[in-house]
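Remarks on the overall topology
Here's the letter readout for the chains.
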Amino acid sequence: MDELIKLSNATLDQLAIKHPHYDRAALTAGIVHIGVGNFHRAHQAWYLHSLMQADKAHDWAIIGAGVRPYDAAMREKLLAQDCLTTLIELDPSETSAEVIGSMIDYLPIENGNAALIVAMADPSIRIVALTVTESGYYIDPVSKGFDAAHPDILHDAANPATPRTAFGAMVAALAARRAAGHGPFTGLSCDNLQGNGDVLRQAVVSLARLTDADLADWIDVQATFPNSMVDCIAPATGPKEVALARFFGIDDAAPVTHEAYRQWVIEDRFCAGRPDWDAVGATFSGDVHAYETMKIRILNAGHQILANVGEVLGLATISECMAHPAIRAMFHKVQTEEITRTVAPVPDMTPLAYLDLIEHRFSNPRIIDTTRRVAFDGSARHTGFVLPILRDQLAAGGAVAGLALVEALWARMCQGTREDGTRIEPNDPIWDELNAVARAAKIRPHAWLEQGNIYGNLAEAASFREAFEGWLSMIWADGCEATLLRYAGDALQSEKPVKTG
């Protein structure tokens, strides 16, 4: 192999792969993005880069930001390479790569978030976007309202000039803009939440109301928080991904691998303007809810169907789960008999056609999407992705045996050991609580459903309760695979293999 090229502005013209042909020094910022992970760089940053390659949106460059200490490591890596990223597309039939350059700076990670507040208060910043995970919005798990009693929120309400959270920083910046006579920015959530813009509005306005009711009213009326649906599988980066970048001759400390698929559906509600993302494949729609329901229920809930049992059986990746005949049959049966029954079609896509697409994407062995990553934060992902489907099925008098099995498999995983006796490392913000209840549920399955912060009154539904208790007892008595075969035996016989190429 030829000598590696260290990724930087100075070396772009030496690269043999696609890279920015626009003048990055002439770009000016229009977006602050909080939470610069792999997904953001493979998705939203790529859409903006594609516009820039078409000689558009040069005044919409991204400034990266973070509010947690662990963000500092990513900041250091990206600043050392001028905020450039190598994106590596892993299609089953080929591998391709390009370098994107839509991000031009990364703000310091610091207590009080002063630099972040100053950046967002600048009127040239017209969008503040976020990818802070589903559990990062301070939602009360039972009421689904704003969790005003959370210690982080109490801190920000008491210290509005030196906030701890992204939302506190947004409120402080919006207050500064209002005081200076400037208009607000648009808050754009890019997380997998139903009504993510509404949830972001709730967090920002509710926090502002704790300290300044007039400011809260101004934000609520003047600012916009469009809902959006985002989709692209971008696994975590490790040594293999760094080695892939080196295969293309690039020394990149933070490359991103991703599948050959992206989707972004957004409400067209931007109070201070926006890039023309639709010119490079995004969809502006007045019915984001239908798209996000399809994606969250079939893809995101589908991930939970696979990841929990995959962890218990020692399967490392989602594609390995899909290659396991009993897991794949269970996945297909739960989807077709329960989940897709709660999903309406969207333009040019039926629920079953979307399911076919998801099965194909999940089966791609080149996407090393780990079961551990997908299973992370199940307390937020089951409550956000799986349980709303269960409630809809119960309300409609529909089947719930498959969803009950999914919950039983989660309870089994949270017990903390695999069937081969190895330990499952803690993988949830409330892991200790879940683990204690899961161990009790091994003897008394109903104990798992008594977690009111997760299940609310779902245990009162006899069809769900009885199925759950039966499945969890069977899992512990006979093992996961035998239980899957008991549930999906007919589907296992009839299902055709999923194509991967």
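These lines cover the structure that appears in this document, whether it is placed above or below.

Scoring rules and cut-offs
- Residues numbered from 1 in each chain as written.
- Predicted model: local features only at pLDDT ≥ 70, side-chain atom pairs only at ≥ 80, totals over all residues.
- Heavy atoms only, no water.
- Pairing = 2+ DSSP bridges.
- Helix = DSSP H or I, 4+ residues; strand = E, 2+ residues; numbered from the N terminus.
- Axes fitted to C-alpha atoms, helices over the stretch in contact; angles between N-to-C directions.
- Contact = heavy atoms within 4.5 Å.
- Expected span 1.5 Å × (residues − 1).
- Buried < 20%, exposed > 50% of the residue type's maximum accessible area, 1.4 Å probe, protein only.
- Arc of directions from axis to C-beta.

1. What about the sheet that holds strand β2 (residues 29-34)?
Reading across from one edge, β6-β3-β2-β7-β8 is the order of the five strands in this open sheet, with parallel pairing throughout. Each edge of the open sheet carries a strand with a single partner, namely β6 (103-106) and β8 (186-189). The average angle at which neighbouring strand axes cross in this sheet is 25°, direction not considered. Pairing of β2 with strand β7 (residues 127-130) involves four bridges; the strand directions are parallel. Directly across from His33, in β7, lies its bridge partner Ala129. Against the sheet, helix α2 (residues 44-53) touches β2 and β3 (61-65), its axis set at about 155° to β3. Strands in contact with helix α7 (residues 196-209) are β7 and β8; relative to β8, the strand with the most contacts, it is inclined by about 125°.

2. Quick word on helix α20 (residues 462-478)
Spanning 17 residues, α20 covers 23 Å between terminal C-alpha atoms, matching the ideal 24 Å at 1.5 Å per step. Three or more residues of α20 are buried, namely Phe464, Ala467, Phe468, Trp471, Leu472, Met474 and Ile475. The buried residues of α20 all sit within an arc of 160° when viewed along its axis, so they share a single face. Those residues of α20 that are exposed and aimed more than 90 degrees away from the buried face are Glu466 and Ala477. Remark: Gly479 follows α20 within two positions and exhibits a positive phi of approximately 95°.

3. Points about the side chain of Ser8
The residue Ser8 is located in the loop between β1 (5-6) and β2 in this model. Classification of Ser8 as buried rests on a relative accessible area of 13%. The residues touching Ser8, leaving out its near neighbours within four places in the chain, are Gln81, Asp82 and Leu84.

4. Remarks on the environment of Leu207
With respect to the secondary-structure elements, Leu207 resides in helix α7. Given the relative accessible area of 4%, Leu207 is considered buried. Residues Leu207 and Tyr455 lie 248 residues apart in sequence; the distance between their C-alpha atoms is 27 Å. Apart from the residues within four sequence positions on either side, Leu207 is in contact with Phe146, Ile153, Asp156, Ala157, Thr165, Phe167, Gly168 and Val171.

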